[in-house]
Structure formats: structure tokens, C-alpha cells
Amino acid sequence: MPNQTNSFSSPLSYEIVEDIEQLNLSIIQKHHIRLLAHCLAILKEIVKEDISPLEEDERLREWCEKQSKKFNDENFNQLFYEQMSSASQKLNAYSQSIEKNLKELDLEDLILLVAQNQEY
């Protein structure tokens, strides 16, 4: 059977995925970090400049709509937006708690967030 490539690219580099895999954390914690890292990369792309939370939410909604059109599924669009919005809120709350801008968060911050099992 020939290898088929996925037409959807990930914002995470192979190196970041490998770094996460090498962590001394549970499989669930590693998965959580990968999901947060993926969402963070997307959010950083969406909010390249300083914008208001309302503008950030509007851009996130537009981005989710654009991505979900690939699947032609309106239900997916809403669920996708809700999940991304939840991750955005969690990451924004965490960045404020450590006095960083969302765009300054990095993998080490996500590891601390998940390892400490903080609720944000």
C-alpha cells in the first residue's frame, strides 16, 4: 500500500513534537501539551499584532470557519471554534498569570502549565 500524505499541515515542527515526546510525563499530559502547542501556534499566527480580545475572538472565528470549509460540515465549524476558543481562554489566562504576553509563551511554559496541572 503506498504512503499517502496528509494534505493538512501542522503548525508544529517535527522537533517540537519530538521534544514533547521525550518528556518524562504521562501520555495524557504529552497529548495535552501537543494540543496546547498546536493551538498556541495557531493563535500566534492569528494575532500577530496587539488586538483587543473581541478582535482576537472574531479572527479566531473567521479562521475556524475557513478551516472547516475543507470539511463542508457546519457542525464541525461550531465545535472547532468552541474548542479553539476554550484553548485560547486557557492560554490567555495562563499567560496573564505568569505575566507574559500570549505571543511570548513557549513550549517550556506549556510544559509547566500541564505538569503543574493548573486549571486555566
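Since the model is a prediction, treat every value here as computed from it, not as a measurement.

Participant: Looking at this structure, I do not really get the overall build of the protein. What am I missing?
Facilitator: Secondary structure assignment for the protein yields 5 helices and 0 strands. Start at the N end of the protein and walk to the C end: the helices and strands fall as α-α-α-α-α. For the protein, the exposed surface amounts to about 8,300 Å²; the carbon and sulfur share of it is 49%.

Participant: Even after reading the chapter, I still don't get the packing of helix H2 (residues 27-46) against helix H4 (residues 74-97), so can you show me in this structure?
Facilitator: In a pair of packed helices, the angle between the axes and the distance between the axes together describe the arrangement. Direction vectors running N to C along H2 and H4 enclose 90 degrees, while the axes themselves pass 10 Å from each other. In terms of orientation, H2 and H4 fall into the roughly perpendicular class. Residues His32, Leu36, Cys39, Leu40, Ile42 and Leu43 of H2 form the contact with H4, whose participating residues are Met84, Ala87, Ser88, Lys90 and Leu91.

Participant: Any chance you could explain the pattern of salt bridges here in plain terms?
Facilitator: A full pass over the atoms with the stated rule returns 3 salt bridges. The shortest N-O distance in the salt bridge between Glu21 and Arg34 comes to 3.5 Å. With Glu21 in helix H1 (residues 14-21) and Arg34 in helix H2, this residue pair connects regions lying 13 residues apart in the sequence. For Glu21, a relative accessible area of 39% translates into the label partly exposed. The exposure class assigned to Arg34 is partly exposed, which follows from its relative accessible area of 22%. A salt bridge links Lys100 to Asp109, with the shortest nitrogen-to-oxygen separation between them at 2.7 Å.

Participant: I keep staring at unusual backbone geometry and nothing clicks. Help me out?
Facilitator: Leaving glycine out, the prevailing phi sign among residues is negative, and the prevailing peptide bond configuration is trans. With a phi close to 60 degrees, Glu99 is a non-glycine residue in the positive phi region. One can find Glu99 in the loop between H4 and helix H5 (107-115).

Participant: Looking at this model, I keep getting lost on H2. Mind explaining?
Facilitator: Residues spaced three or four apart along an α-helix face the same direction, because each turn holds 3.6 residues. For H2, with 20 residues, the first-to-last C-alpha span of 29 Å sits near the 28 Å given by 1.5 Å per residue. Among the residues of H2, Lys30, Ile33, Leu36, Ala37, Cys39, Leu40, Ile42, Leu43 and Ile46 are the ones counted as buried. Summarising the contacts, the buried residues of H2 are in contact with H1, helix H3 (53-68), H4 and H5.

Here is what the cut-offs are and how they apply
- Residues numbered from 1 in each chain as written.
- Predicted model: local features only at pLDDT ≥ 70, side-chain atom pairs only at ≥ 80, totals over all residues.
- Heavy atoms only, no water.
- Helix = DSSP H or I, 4+ residues; strand = E, 2+ residues; numbered from the N terminus.
- Areas by Shrake-Rupley, 256 points an atom, 1.4 Å probe, with all protein chains shown as cover.
- Axes fitted to C-alpha atoms, helices over the stretch in contact; angles between N-to-C directions.
- Parallel < 35°, antiparallel > 145°, perpendicular 65-115°, else oblique.
- Contact = heavy atoms within 4.5 Å.
- Salt bridge = Lys/Arg side-chain N within 4 Å of Asp/Glu carboxyl O.
- Buried < 20%, exposed > 50% of the residue type's maximum accessible area, 1.4 Å probe, protein only.
- Expected span 1.5 Å × (residues − 1).

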